[in-house]
Amino acid sequence: MDAILLVGGFGTRLMPLTKHRPKPLMPLANIPFTERTIAWLAAAGVDHVILSVHYNTAQFIEHFTRKALGVRISFAPEERPLGTGGAILNCAPHLRSDQCLVVNGDIFTDLQLPALIAAHHRTQALVSIALKTVADPSRFGVIELNADMGICSFTEKPAHEQTLSNEINAGIYLLERRALEHFPPGASSVERDVFPTMLKNDLPLFGFRSRPYWTDLGTPKDYLQAHRDILQRRVAVPMPGTEIMPGIWVGAQTHIAENAILHAPLLLGNRVIVGPGVELGPNLVLGDDVHIGRQARLRDSVLWNRVAVCAESVISESIAGQQAHLDGRIHGGLCADFGILHQFASRRAGMRVPAPHAPVATVSRPAA
Ligand code: GDD
Ligand code: MG
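Everything quoted here is computed from the prediction, not taken from an experiment.

## Examining the layout of surface pockets
Reasoning step 1: In this structure, the largest pocket encloses a volume near 860 Å³.
Reasoning step 2: Along the wall of the largest pocket there are 35 residues; nearest its centre are Gly-9, Thr-84, Asn-104, Asp-106 and Glu-191.
Reasoning step 3: Of all the secondary-structure elements, those providing two or more residues to the lining of the largest pocket are α3 (83–90), β11 (167–176), α5 (190–200) and β13 (214–216).
Reasoning step 4: With 3 residues, the single largest contributor to the lining of the largest pocket is α3.
Reasoning step 5: Per-class residue counts for the lining of the largest pocket are 10 nonpolar, 15 polar and 10 charged.
Reasoning step 6: Quantified by volume, the second largest pocket comes out at close to 530 Å³.
Reasoning step 7: In terms of lining residues, the second largest pocket is bounded by 24 residues, among which Arg-21, Pro-32, His-63, Asn-305 and Gln-322 are the most central.
Reasoning step 8: When residues in the lining of the second largest pocket are grouped by element, the largest group, 4 residues, is from helix α2 (residues 57–66).
Reasoning step 9: Grouping the constituent residues of the lining of the second largest pocket by class yields 8 nonpolar, 10 polar and 6 charged.

## A closer look at the sheet that holds strand β29 (residues 334–335)
Reasoning step 1: With respect to topology, 7 strands assemble into an open sheet ordered β14-β15-β18-β21-β24-β27-β29, the strand pairing being mixed. Because the sheet does not close on itself, it has two edges, and the strands there are β14 (242–245) and β29.
Reasoning step 2: In this sheet, strand β18 (residues 266–268) lies alongside strand β15 (residues 248–250) in parallel orientation, the contact comprising 3 bridges. By the bridge assignment, Trp-249 is partnered in β18 with Leu-267.
Reasoning step 3: On top of the sheet, helix α6 (residues 220–231) reaches β15, β18, β21 (284–286), β24 (301–303), β27 (319–320) and β29; it is set at about 95° to β24, its chief contact.

## A word on the packing of aromatic side chains
Reasoning step 1: Counted under the stated rule, the structure contains 6 aromatic pairs.
Reasoning step 2: Aromatic pair Phe-108 and Tyr-213: ring centres 5.3 Å apart, planes at 65°, arrangement edge-to-face. Remark: Tyr-213 occurs in the loop between β12 (205–208) and β13 and Phe-108 occurs in strand β7 (residues 107–109); sequence separation between them is 105 residues. Both residues of the pair, Phe-108 and Tyr-213, belong to the buried class.
Reasoning step 3: Ring centres of Phe-154 and Phe-195 lie 5.5 Å apart, and the angle between their planes is 55°; this geometry places the pair in the tilted category.

## Topic: the coordination of the magnesium ion (ligand 2)
Reasoning step 1: For the magnesium ion (ligand 2), every protein donor is listed as Asp-106 (OD) and Asp-216 (OD), and the spread of their distances is 2.1 to 2.3 Å. Of this pair, Asp-106 sits in the loop between β6 (99–104) and β7 while Asp-216 sits in strand β13, placing them 110 residues apart in sequence. No difference in accessibility class separates Asp-106 from Asp-216, as the two residues are buried.

Reading the values: rules and limits
- Residues numbered from 1 in each chain as written.
- Chains lettered and ligands numbered in written order.
- Predicted model: local features only at pLDDT ≥ 70, side-chain atom pairs only at ≥ 80, totals over all residues.
- Heavy atoms only, no water.
- 1 Å grid on protein atoms, 1.4 Å probe; cavity = no way out; pocket = protein on both sides within 12 Å on 5 of 7 lines; lining within 4 Å.
- Points joined across faces, edges and corners; volume = space filled by probe spheres on them.
- Helix = DSSP H or I, 4+ residues; strand = E, 2+ residues; numbered from the N terminus.
- Nonpolar A, V, L, I, M, F, W, Y, C, P; charged D, E, K, R; others polar.
- Pairing = 2+ DSSP bridges.
- Contact = heavy atoms within 4.5 Å.
- Axes fitted to C-alpha atoms, helices over the stretch in contact; angles between N-to-C directions.
- Phe/Tyr/Trp six-rings, centres within 6.5 Å; stacked < 30°, edge-to-face > 60°.
- Buried < 20%, exposed > 50% of the residue type's maximum accessible area, 1.4 Å probe, protein only.
- Donors = N, O, S within 2.8 Å, 3.2 Å for Na, K, Ca; no water.

Below, the structure written as C-alpha coordinates:
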(Lines give C-alpha, C1' and ligand atoms only; values in the text may rest on other atoms or scores of the structure.)
(Ligands and ions follow the chains in the order given, each with its own letter.)
Protein backbone atom coordinates (compact mmCIF):
# COMPACT_ATOMS: atom_id res chain seq x y z
CA MET A 1 0.00 0.00 0.00
CA ASP A 2 1.04 3.62 -0.64
CA ALA A 3 1.27 6.28 2.06
CA ILE A 4 1.64 10.02 1.68
CA LEU A 5 3.57 11.79 4.43
CA LEU A 6 2.88 15.52 4.62
CA VAL A 7 6.21 17.00 5.64
CA GLY A 8 6.23 20.34 3.81
CA GLY A 9 5.33 22.71 6.67
CA PHE A 10 7.71 25.30 8.13
CA GLY A 11 7.59 24.12 11.76
CA THR A 12 7.23 27.76 12.84
CA ARG A 13 6.23 26.97 16.43
CA LEU A 14 9.50 25.07 16.90
CA MET A 15 11.78 27.91 15.77
CA PRO A 16 14.75 28.24 16.19
CA LEU A 17 15.09 24.41 16.26
CA THR A 18 13.63 24.25 12.74
CA LYS A 19 15.91 26.96 11.39
CA HIS A 20 18.44 24.53 9.92
CA ARG A 21 16.31 21.39 9.63
CA PRO A 22 12.65 20.59 9.01
CA LYS A 23 10.53 19.46 11.96
CA PRO A 24 10.10 15.86 10.67
CA LEU A 25 13.88 15.38 10.56
CA MET A 26 14.32 16.41 14.19
CA PRO A 27 15.47 13.42 16.24
CA LEU A 28 12.97 11.73 18.52
CA ALA A 29 14.90 9.76 21.15
CA ASN A 30 17.95 9.95 18.87
CA ILE A 31 16.28 8.69 15.67
CA PRO A 32 15.07 11.14 12.99
CA PHE A 33 11.34 11.35 13.54
CA THR A 34 10.32 10.56 9.93
CA GLU A 35 12.37 7.35 10.10
CA ARG A 36 10.25 6.26 13.08
CA THR A 37 7.07 7.14 11.17
CA ILE A 38 8.18 5.18 8.11
CA ALA A 39 8.95 2.13 10.30
CA TRP A 40 5.44 2.39 11.82
CA LEU A 41 3.88 2.56 8.31
CA ALA A 42 6.01 -0.33 7.02
CA ALA A 43 4.91 -2.51 9.98
CA ALA A 44 1.31 -2.05 8.76
CA GLY A 45 2.11 -3.18 5.23
CA VAL A 46 3.04 0.12 3.56
CA ASP A 47 5.71 -0.52 0.92
CA HIS A 48 5.82 2.89 -0.77
CA VAL A 49 6.05 6.25 1.01
CA ILE A 50 5.57 9.50 -0.90
CA LEU A 51 7.14 12.44 0.90
CA SER A 52 5.22 15.62 0.20
CA VAL A 53 7.94 18.21 0.65
CA HIS A 54 8.43 21.95 0.41
CA TYR A 55 10.51 23.48 3.25
CA ASN A 56 14.10 22.14 3.11
CA THR A 57 13.32 19.71 0.27
CA ALA A 58 17.03 19.10 -0.39
CA GLN A 59 17.59 17.83 3.17
CA PHE A 60 14.80 15.25 2.79
CA ILE A 61 16.10 14.06 -0.56
CA GLU A 62 19.67 13.83 0.75
CA HIS A 63 18.61 12.03 3.95
CA PHE A 64 16.29 9.45 2.40
CA THR A 65 18.40 8.77 -0.69
CA ARG A 66 21.30 7.92 1.63
CA LYS A 67 19.27 5.83 4.05
CA ALA A 68 17.60 2.54 3.06
CA LEU A 69 14.52 1.89 5.20
CA GLY A 70 13.10 -1.16 3.44
CA VAL A 71 10.34 0.74 1.62
CA ARG A 72 10.36 2.61 -1.67
CA ILE A 73 10.51 6.40 -1.18
CA SER A 74 9.24 8.96 -3.72
CA PHE A 75 9.40 12.74 -3.41
CA ALA A 76 6.61 15.13 -4.42
CA PRO A 77 8.15 18.60 -4.08
CA GLU A 78 6.16 21.83 -4.21
CA GLU A 79 7.55 25.07 -5.63
CA ARG A 80 5.19 26.98 -3.36
CA PRO A 81 3.28 25.55 -0.41
CA LEU A 82 0.07 23.99 -1.74
CA GLY A 83 -1.64 23.54 1.63
CA THR A 84 -2.54 20.08 2.88
CA GLY A 85 -5.17 19.45 0.13
CA GLY A 86 -2.98 20.65 -2.73
CA ALA A 87 -0.06 18.67 -1.32
CA ILE A 88 -2.04 15.41 -1.34
CA LEU A 89 -3.23 16.02 -4.91
CA ASN A 90 0.36 16.80 -5.95
CA CYS A 91 1.29 13.22 -4.90
CA ALA A 92 -1.34 11.63 -7.20
CA PRO A 93 1.07 10.83 -10.08
CA HIS A 94 3.12 8.67 -7.68
CA LEU A 95 0.21 6.56 -6.39
CA ARG A 96 0.12 2.89 -7.34
CA SER A 97 -2.59 1.46 -5.07
CA ASP A 98 -6.36 2.18 -5.13
CA GLN A 99 -6.25 3.21 -1.49
CA CYS A 100 -3.69 5.27 0.27
CA LEU A 101 -2.84 6.36 3.78
CA VAL A 102 -2.16 10.04 4.40
CA VAL A 103 -0.34 11.10 7.57
CA ASN A 104 0.55 14.54 8.89
CA GLY A 105 4.33 14.43 9.26
CA ASP A 106 4.38 15.62 12.88
CA ILE A 107 2.10 12.97 14.41
CA PHE A 108 3.78 10.59 16.84
CA THR A 109 1.50 7.67 17.59
CA ASP A 110 1.29 3.91 18.00
CA LEU A 111 -2.21 3.81 16.45
CA GLN A 112 -3.04 0.38 15.04
CA LEU A 113 -3.24 1.07 11.31
CA PRO A 114 -4.53 -2.45 10.43
CA ALA A 115 -7.63 -1.72 12.57
CA LEU A 116 -8.17 1.57 10.69
CA ILE A 117 -7.84 -0.27 7.37
CA ALA A 118 -10.34 -2.96 8.50
CA ALA A 119 -12.86 -0.31 9.63
CA HIS A 120 -12.47 1.48 6.27
CA HIS A 121 -13.42 -1.71 4.44
CA ARG A 122 -16.33 -2.40 6.79
CA THR A 123 -17.91 1.04 6.33
CA GLN A 124 -16.98 1.32 2.63
CA ALA A 125 -15.94 4.90 3.30
CA LEU A 126 -14.54 7.21 0.66
CA VAL A 127 -12.34 8.66 3.41
CA SER A 128 -11.74 7.32 6.91
CA ILE A 129 -10.31 9.73 9.47
CA ALA A 130 -8.60 8.51 12.66
CA LEU A 131 -9.95 10.28 15.74
CA LYS A 132 -8.43 11.23 19.05
CA THR A 133 -10.19 12.53 22.15
CA VAL A 134 -8.47 15.54 23.71
CA ALA A 135 -9.21 17.93 26.57
CA ASP A 136 -8.81 21.10 24.47
CA PRO A 137 -9.91 20.48 20.88
CA SER A 138 -9.64 24.14 19.78
CA ARG A 139 -6.11 23.78 18.30
CA PHE A 140 -7.20 20.88 16.09
CA GLY A 141 -9.82 19.85 13.52
CA VAL A 142 -12.98 19.05 15.47
CA ILE A 143 -15.23 16.23 14.27
CA GLU A 144 -18.87 15.34 15.02
CA LEU A 145 -20.15 11.84 14.32
CA ASN A 146 -23.52 10.16 13.95
CA ALA A 147 -24.34 6.85 15.66
CA ASP A 148 -22.87 4.85 12.75
CA MET A 149 -19.49 6.63 12.94
CA GLY A 150 -20.38 8.71 9.86
CA ILE A 151 -18.86 12.20 10.05
CA CYS A 152 -21.47 15.01 10.24
CA SER A 153 -19.17 18.00 10.62
CA PHE A 154 -15.50 18.93 10.40
CA THR A 155 -14.47 22.30 11.82
CA GLU A 156 -10.82 23.27 11.72
CA LYS A 157 -9.59 25.09 14.84
CA PRO A 158 -12.91 26.43 16.13
CA ALA A 159 -13.02 29.06 18.86
CA HIS A 160 -13.21 27.55 22.38
CA GLU A 161 -16.91 28.34 22.73
CA GLN A 162 -17.70 26.72 19.36
CA THR A 163 -16.18 23.29 20.02
CA LEU A 164 -19.04 20.82 19.67
CA SER A 165 -17.07 17.68 20.44
CA ASN A 166 -13.85 16.54 22.08
CA GLU A 167 -13.03 14.26 19.20
CA ILE A 168 -10.44 15.61 16.81
CA ASN A 169 -8.83 14.78 13.51
CA ALA A 170 -5.72 12.79 14.45
CA GLY A 171 -4.08 13.73 11.12
CA ILE A 172 -4.25 10.16 9.73
CA TYR A 173 -6.55 9.35 6.82
CA LEU A 174 -7.28 6.38 4.60
CA LEU A 175 -8.45 7.59 1.18
CA GLU A 176 -9.90 5.81 -1.79
CA ARG A 177 -7.92 7.05 -4.77
CA ARG A 178 -11.16 8.29 -6.39
CA ALA A 179 -11.55 10.72 -3.46
CA LEU A 180 -8.91 12.84 -5.22
CA GLU A 181 -11.53 13.72 -7.87
CA HIS A 182 -13.06 15.94 -5.18
CA PHE A 183 -9.86 17.91 -4.52
CA PRO A 184 -9.74 21.31 -6.29
CA PRO A 185 -6.71 21.98 -8.50
CA GLY A 186 -3.94 24.12 -7.00
CA ALA A 187 -3.60 25.10 -3.36
CA SER A 188 -6.25 24.01 -0.85
CA SER A 189 -6.65 22.89 2.72
CA VAL A 190 -7.94 19.38 3.25
CA GLU A 191 -9.29 20.48 6.64
CA ARG A 192 -10.89 23.82 5.69
CA ASP A 193 -11.91 23.17 2.06
CA VAL A 194 -11.87 19.54 0.91
CA PHE A 195 -13.45 17.63 3.82
CA PRO A 196 -16.17 20.24 4.59
CA THR A 197 -17.15 20.35 0.89
CA MET A 198 -17.25 16.55 0.69
CA LEU A 199 -19.59 16.52 3.69
CA LYS A 200 -21.85 19.14 2.09
CA ASN A 201 -22.05 16.83 -0.94
CA ASP A 202 -23.07 13.88 1.29
CA LEU A 203 -19.98 11.82 0.50
CA PRO A 204 -19.26 8.95 2.91
CA LEU A 205 -16.61 10.13 5.40
CA PHE A 206 -16.23 7.93 8.48
CA GLY A 207 -14.42 8.35 11.78
CA PHE A 208 -12.25 5.65 13.34
CA ARG A 209 -12.14 5.54 17.15
CA SER A 210 -9.34 3.93 19.14
CA ARG A 211 -7.26 4.78 22.19
CA PRO A 212 -3.70 5.05 20.92
CA TYR A 213 -0.78 6.99 22.31
CA TRP A 214 -0.95 10.14 20.17
CA THR A 215 0.71 13.52 20.10
CA ASP A 216 1.35 16.30 17.60
CA LEU A 217 5.01 17.34 17.90
CA GLY A 218 4.17 20.93 17.03
CA THR A 219 5.66 22.85 19.98
CA PRO A 220 8.73 22.57 22.25
CA LYS A 221 6.42 21.54 25.09
CA ASP A 222 4.96 18.67 23.00
CA TYR A 223 8.45 17.62 21.91
CA LEU A 224 9.78 17.43 25.48
CA GLN A 225 6.63 15.63 26.67
CA ALA A 226 6.98 13.03 23.89
CA HIS A 227 10.52 12.32 25.13
CA ARG A 228 9.28 11.94 28.71
CA ASP A 229 6.61 9.54 27.47
CA ILE A 230 9.16 7.45 25.57
CA LEU A 231 11.61 7.35 28.48
CA GLN A 232 8.84 6.45 30.93
CA ARG A 233 7.65 3.77 28.48
CA ARG A 234 4.15 5.21 28.06
CA VAL A 235 4.66 4.43 24.38
CA ALA A 236 6.69 1.49 23.14
CA VAL A 237 9.23 2.46 20.49
CA PRO A 238 12.65 1.01 19.73
CA MET A 239 15.36 2.56 21.91
CA PRO A 240 18.83 2.92 20.46
CA GLY A 241 21.57 1.69 22.83
CA THR A 242 21.74 -0.89 25.60
CA GLU A 243 19.67 -0.72 28.78
CA ILE A 244 22.52 -0.95 31.30
CA MET A 245 20.20 -0.43 34.29
CA PRO A 246 16.40 -0.17 34.42
CA GLY A 247 15.50 2.98 32.47
CA ILE A 248 19.09 3.87 31.50
CA TRP A 249 19.99 3.32 27.83
CA VAL A 250 23.57 3.93 26.72
CA GLY A 251 25.13 3.87 23.23
CA ALA A 252 28.48 2.47 22.10
CA GLN A 253 31.82 3.92 23.27
CA THR A 254 30.16 6.25 25.74
CA HIS A 255 32.34 7.14 28.69
CA ILE A 256 30.78 8.04 32.04
CA ALA A 257 33.07 9.25 34.85
CA GLU A 258 32.98 6.95 37.87
CA ASN A 259 31.57 9.51 40.24
CA ALA A 260 28.85 10.76 37.87
CA ILE A 261 25.28 10.29 39.15
CA LEU A 262 22.59 8.96 36.79
CA HIS A 263 18.87 9.29 37.54
CA ALA A 264 16.60 7.07 35.38
CA PRO A 265 15.06 7.41 32.93
CA LEU A 266 17.64 8.66 30.51
CA LEU A 267 19.12 7.88 27.11
CA LEU A 268 22.72 8.56 26.11
CA GLY A 269 23.88 8.25 22.48
CA ASN A 270 27.15 6.89 21.11
CA ARG A 271 30.57 8.30 22.09
CA VAL A 272 29.13 10.60 24.76
CA ILE A 273 31.64 11.84 27.34
CA VAL A 274 30.31 12.54 30.83
CA GLY A 275 32.80 14.34 33.06
CA PRO A 276 33.49 13.84 36.78
CA GLY A 277 30.87 14.90 39.30
CA VAL A 278 28.17 15.28 36.63
CA GLU A 279 24.52 14.59 37.52
CA LEU A 280 22.23 13.44 34.68
CA GLY A 281 18.46 12.90 34.56
CA PRO A 282 15.72 12.13 35.03
CA ASN A 283 14.05 12.54 31.62
CA LEU A 284 17.17 13.37 29.68
CA VAL A 285 18.21 12.46 26.14
CA LEU A 286 21.74 13.13 24.87
CA GLY A 287 22.57 12.52 21.20
CA ASP A 288 25.83 11.13 19.81
CA ASP A 289 29.21 12.75 20.63
CA VAL A 290 27.80 15.03 23.34
CA HIS A 291 30.38 16.28 25.86
CA ILE A 292 29.34 17.17 29.39
CA GLY A 293 31.88 19.15 31.42
CA ARG A 294 32.65 18.34 35.07
CA GLN A 295 29.98 18.91 37.74
CA ALA A 296 27.31 19.95 35.24
CA ARG A 297 23.73 19.00 36.08
CA LEU A 298 21.15 18.23 33.37
CA ARG A 299 17.53 17.04 33.56
CA ASP A 300 14.27 17.09 31.55
CA SER A 301 16.09 18.11 28.37
CA VAL A 302 16.97 16.91 24.89
CA LEU A 303 20.40 17.61 23.39
CA TRP A 304 21.08 16.64 19.78
CA ASN A 305 24.36 15.31 18.39
CA ARG A 306 27.71 16.94 19.19
CA VAL A 307 26.40 19.41 21.78
CA ALA A 308 28.97 20.66 24.29
CA VAL A 309 27.97 21.59 27.84
CA CYS A 310 30.44 23.60 29.92
CA ALA A 311 31.55 22.57 33.40
CA GLU A 312 29.16 23.41 36.27
CA SER A 313 26.29 24.29 33.94
CA VAL A 314 22.75 23.57 35.15
CA ILE A 315 20.35 22.70 32.31
CA SER A 316 16.63 21.91 32.62
CA GLU A 317 13.62 21.76 30.27
CA SER A 318 15.81 22.81 27.35
CA ILE A 319 16.30 21.63 23.76
CA ALA A 320 19.62 22.16 22.02
CA GLY A 321 20.29 21.64 18.30
CA GLN A 322 23.25 19.85 16.78
CA GLN A 323 26.66 21.26 17.75
CA ALA A 324 25.12 23.80 20.10
CA HIS A 325 27.17 25.11 23.00
CA LEU A 326 25.56 25.50 26.43
CA ASP A 327 27.04 27.34 29.37
CA GLY A 328 25.44 28.45 32.60
CA ARG A 329 22.11 28.02 34.31
CA ILE A 330 19.58 27.47 31.54
CA HIS A 331 15.92 26.63 32.11
CA GLY A 332 13.51 26.40 29.16
CA GLY A 333 16.23 27.24 26.64
CA LEU A 334 15.86 26.57 22.90
CA CYS A 335 18.92 26.64 20.73
CA ALA A 336 19.31 26.17 16.95
CA ASP A 337 21.96 23.90 15.42
CA PHE A 338 25.37 25.58 15.92
CA GLY A 339 23.78 28.00 18.42
CA ILE A 340 25.16 29.23 21.72
CA LEU A 341 23.20 29.53 24.96
CA HIS A 342 25.03 31.43 27.67
CA GLN A 343 23.72 32.49 31.02
CA PHE A 344 26.79 33.52 32.95
CA ALA A 345 25.10 36.03 35.24
CA SER A 346 22.61 33.64 36.74
CA ARG A 347 25.25 30.96 37.28
CA ARG A 348 27.53 33.27 39.18
CA ALA A 349 24.90 34.96 41.29
CA GLY A 350 22.29 32.18 41.47
CA MET A 351 19.80 34.59 39.95
CA ARG A 352 16.22 34.03 38.81
CA VAL A 353 15.94 31.72 35.78
CA PRO A 354 13.89 32.62 32.68
CA ALA A 355 10.33 31.38 32.15
CA PRO A 356 10.02 27.93 30.54
CA HIS A 357 10.63 27.84 26.79
CA ALA A 358 11.63 31.50 26.48
CA PRO A 359 14.70 31.36 24.21
CA VAL A 360 17.69 32.55 26.19
CA ALA A 361 20.26 34.60 24.28
CA THR A 362 20.30 32.39 21.21
CA VAL A 363 23.12 33.19 18.82
CA SER A 364 23.11 31.17 15.61
CA ARG A 365 25.94 30.65 13.21
CA PRO A 366 25.44 29.26 9.68
CA ALA A 367 26.26 25.63 9.07
CA ALA A 368 29.97 25.08 8.53
N1 GDD B 1 3.66 19.42 1.59
C2 GDD B 1 3.04 20.27 2.39
N3 GDD B 1 2.62 21.46 1.89
N4 GDD B 1 2.87 19.93 3.69
C5 GDD B 1 2.23 20.81 4.49
C6 GDD B 1 1.77 22.06 4.03
C7 GDD B 1 1.98 22.40 2.64
O8 GDD B 1 1.63 23.47 2.16
N9 GDD B 1 1.18 22.70 5.08
C10 GDD B 1 1.28 21.87 6.13
N11 GDD B 1 1.91 20.74 5.77
C12 GDD B 1 2.20 19.57 6.62
C13 GDD B 1 3.00 19.92 7.86
O14 GDD B 1 4.39 19.71 7.63
C15 GDD B 1 2.45 18.94 8.89
O16 GDD B 1 3.16 17.72 8.88
C17 GDD B 1 1.03 18.66 8.42
O18 GDD B 1 0.95 19.11 7.08
C19 GDD B 1 -0.03 19.38 9.27
O20 GDD B 1 0.32 20.74 9.38
P21 GDD B 1 0.39 21.46 10.80
O22 GDD B 1 0.82 22.85 10.54
O23 GDD B 1 1.19 20.65 11.76
O24 GDD B 1 -1.14 21.48 11.18
P25 GDD B 1 -1.81 21.49 12.62
O26 GDD B 1 -1.09 20.63 13.57
O27 GDD B 1 -2.04 22.90 13.02
O28 GDD B 1 -3.26 20.85 12.30
C29 GDD B 1 -3.37 19.61 11.58
O30 GDD B 1 -3.08 18.51 12.43
C31 GDD B 1 -3.99 18.31 13.53
C32 GDD B 1 -3.55 17.06 14.25
O33 GDD B 1 -2.32 17.29 14.83
C34 GDD B 1 -4.81 19.50 11.03
O35 GDD B 1 -4.83 18.40 10.16
C36 GDD B 1 -5.83 19.34 12.15
O37 GDD B 1 -7.12 19.12 11.61
C38 GDD B 1 -5.44 18.14 13.02
O39 GDD B 1 -6.35 18.01 14.13
MG1 MG C 1 0.73 19.68 13.58
